[in-house]
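Remarks on the overall topology
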Amino acid sequence: MIDTEKTRIIQEFVPGKQVTLAHIMANADPQLLPKIGIQDKASGSVAVMTLTPGEAAIIGGDIAAKAADVELAYVDRFSGSLLLVGQLADIEAGVQAVVETLVGVLGFTPCPITRT
């Protein structure tokens, strides 16, 4: 006898308040930049962040822009994605400010800030 009964799993997205990714690319490869829509940058550093809930990307973008001389290359309130472009010291300061503020003021769970 063949077992035709299948177990079905339903996955739900229940966002917490989290910094899920905070990564800094110190010297992003120039080939990468046009692929992510920032072809006008010849060189520099890029930070990639994801935040939940997604609307936190708006808050994170505001914090980063006020904390350092960074360009908001991409902010998506639906996915929680945030791309920052600028000089390495500014990118580091911006990402650090976002993580510290979201954790300290809004009670988010942090992730480590990673670098390549």
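Description of the structure in this document. (Residues numbered from 1 in each chain as written. Predicted model: local features only at pLDDT ≥ 70, side-chain atom pairs only at ≥ 80, totals over all residues. Heavy atoms only, no water.)

**As for the packing of helix H2 (residues 56-67) against helix H3 (residues 88-104)**
Two packed helices can be described by the angle between their axes and the distance between those axes. Relative to each other, H2 and H3 sit at 130°, their axes nearing to 8 Å. Taken as axis vectors, H2 and H3 run oblique relative to one another. Relative to H3, H2 is oriented so that their crossing is right-handed. Note on element contacts: H3 touches H2 through Ala93, Gly94, Ala97, Val98, Thr101 and Leu102, opposite Ile59, Gly60, Ile63, Ala64 and Ala67. Of the residues that constitute the contact of H2 with H3, the class distribution is eight nonpolar, three polar and no charged. (Axes fitted to C-alpha atoms, helices over the stretch in contact; angles between N-to-C directions. Helix = DSSP H or I, 4+ residues; strand = E, 2+ residues; numbered from the N terminus. Parallel < 35°, antiparallel > 145°, perpendicular 65-115°, else oblique. Left-handed = near helix turned anticlockwise from the far one by under 90°. Contact = heavy atoms within 4.5 Å. Nonpolar A, V, L, I, M, F, W, Y, C, P; charged D, E, K, R; others polar.)

**Looking at the pattern of salt bridges**
Evaluated as defined, the whole model comprises two salt bridges. Salt-bridge contacts for Glu92 lead to Arg115; the nearest nitrogen and oxygen are separated by 3.4 Å. Taken as a pair, Glu92 in helix H3 and Arg115 in strand S5 (residues 114-115) lie far apart in primary sequence, 23 residues in all. Residue Arg115 is classed as partly exposed on the basis of its relative accessible area, which comes to 47%. (Salt bridge = Lys/Arg side-chain N within 4 Å of Asp/Glu carboxyl O. Buried < 20%, exposed > 50% of the residue type's maximum accessible area, 1.4 Å probe, protein only.)

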